[in-house]
Amino acid sequence: MEDDGGIPLDTARSERPVWLLKCPPAASRALQSVASGSGSSTSPNPVVAKIVHTIDLLNLDDPSSEQFTLEMLPNDSGNAPRSYKLNASKDFVPMSTFSESNQGKLSVEGKVKYKFDIEPQNFRDYSKICRERTNKSMIKTRKVQVIDNDHGGLMRPMPGMVGLISSSSKDKKKVTPSKASDAKRTRRDKGEMLNILFKLFERQPNWALKQLVQETDQPEQFLKEILNEICVYNKRGPNQGTHELKAEYKNFGGTNNE
């Protein structure tokens, strides 16, 4: 088969059932490390994990009678969780997977039968990993740059520039934050963001939305969605206009129980 551009398309495996997995970063890195050949196995097709498919034969009409779990095999993935729950979904737009060889040959590798969202079985251990990764990312390393011109010649005003720059505070224009700056912010993983927010609420119980945007450097709309899940908004009282954690989340970080 050929497409409109004349490139041959191999469809021999177009009906082969495949699974689509949405992995958290820890599981994705573990799978990619073995796929890239960085693992200790010398096999061309190393076994990375095993999937356990459980069916309750006495309750086949119940959607929850069919369950999937994924167990990562021991490898060099560090302290990444090894046990995951696979939340299956068949209600999605029909999809197929494709591949392209080094010679430019296109192939259909299969049709997506199941779509899975991978969830760590031990969420507490996974939360600790996210907190450690967040703490490392928040450490700012200072860099020292040596200036070749140590006589300050580049900092001297050029002829004709004197008098053009006013030092009066009245002449300084106020710089208003642009809405485009919010669009440049990159969303973090939701699990990682939850740990950052819980850590901030450990520091103080009440936060305004603008304060959280500055602290986390996240898009405002993204923060609103998460805050609506874990917080209550104070419309009146001494803490008016701030968010605070719901009662069931106030000890989520585990710092008071460890």
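Criteria and thresholds
Residues numbered from 1 in each chain as written. Predicted model: local features only at pLDDT ≥ 70, side-chain atom pairs only at ≥ 80, totals over all residues. Heavy atoms only, no water. Helix = DSSP H or I, 4+ residues; strand = E, 2+ residues; numbered from the N terminus. Phe/Tyr/Trp six-rings, centres within 6.5 Å; stacked < 30°, edge-to-face > 60°. Buried < 20%, exposed > 50% of the residue type's maximum accessible area, 1.4 Å probe, protein only. Pairing = 2+ DSSP bridges. Arc of directions from axis to C-beta. Contact = heavy atoms within 4.5 Å. Core = buried A, V, L, I, M, F, W, Y, C linked by side-chain atoms within 4.5 Å.

Next up on the list: the environment of asparagine 135. Mapping asparagine 135 onto the fold places it in helix 2 (residues 123–137). C-alpha separation for the pair asparagine 135 and isoleucine 196, spaced 61 residues apart in sequence, amounts to 8.9 Å.

Before going further, it helps to spend a moment on the packing of aromatic side chains. With the rule as written, the count across this model stands at seven aromatic pairs. Where tryptophan 19 meets phenylalanine 68, the ring centres are 5.4 Å apart and the plane angle is 85°; that geometry is what we call edge-to-face. Note that tryptophan 19 is positioned in strand 2 (residues 17–22) and phenylalanine 68 in strand 4 (residues 66–72), a separation of 49 residues in sequence. By relative accessible area, tryptophan 19 is classed as partly exposed at 37%. Residue phenylalanine 68 is classed as buried on the basis of its relative accessible area, which comes to 3%. Every member of this aromatic cluster is reached through a ring pair, and the members are Trp19, Phe68, Tyr114 and Phe116.

Next up on the list: the pairing of strand 5 (residues 83–89). Bridge count between strand 4 and strand 5: four bridges; the pairing is antiparallel. Counterpart to leucine 70 in the pairing with strand 5 is tyrosine 84.

As a further point, take helix 6 (residues 220–230). Buried residues of helix 6: Phe222, Leu223, Ile226, Leu227 and Ile230, and no others. Taken around the axis of helix 6, the buried residues stretch over an arc of 130°, which confines them to a single face. Against the buried residues of helix 6 lie helix 4 (190–203), helix 5 (209–216), strand 8 (231–233) and strand 9 (243–245).

What follows concerns the side chain of histidine 243. Within the secondary structure, histidine 243 sits in strand 9. According to the relative accessible area criterion, histidine 243 is buried, its value standing at 11%. Excluding residues that lie within four positions of it along the chain, histidine 243 makes contacts with Phe201, Pro205, Asn206, Trp207, Leu209, Leu227, Cys231, Val232 and Tyr233.

To continue, consider the nonpolar core. If you look at soluble globular proteins, the nonpolar side chains tend to sit buried side by side. Counting 18 residues, the largest nonpolar core has Leu197, Leu212 and Ile230 as the members making the most contacts within it. Those residues in contact with isoleucine 230, other than ones at most four positions away along the chain, are Leu194, Leu197, Phe198, Glu244, Leu245, Lys246 and Tyr249. One finds Ala30, Phe68, Leu70 and Met72 within the second-largest nonpolar core, a separate group that totals eleven residues.

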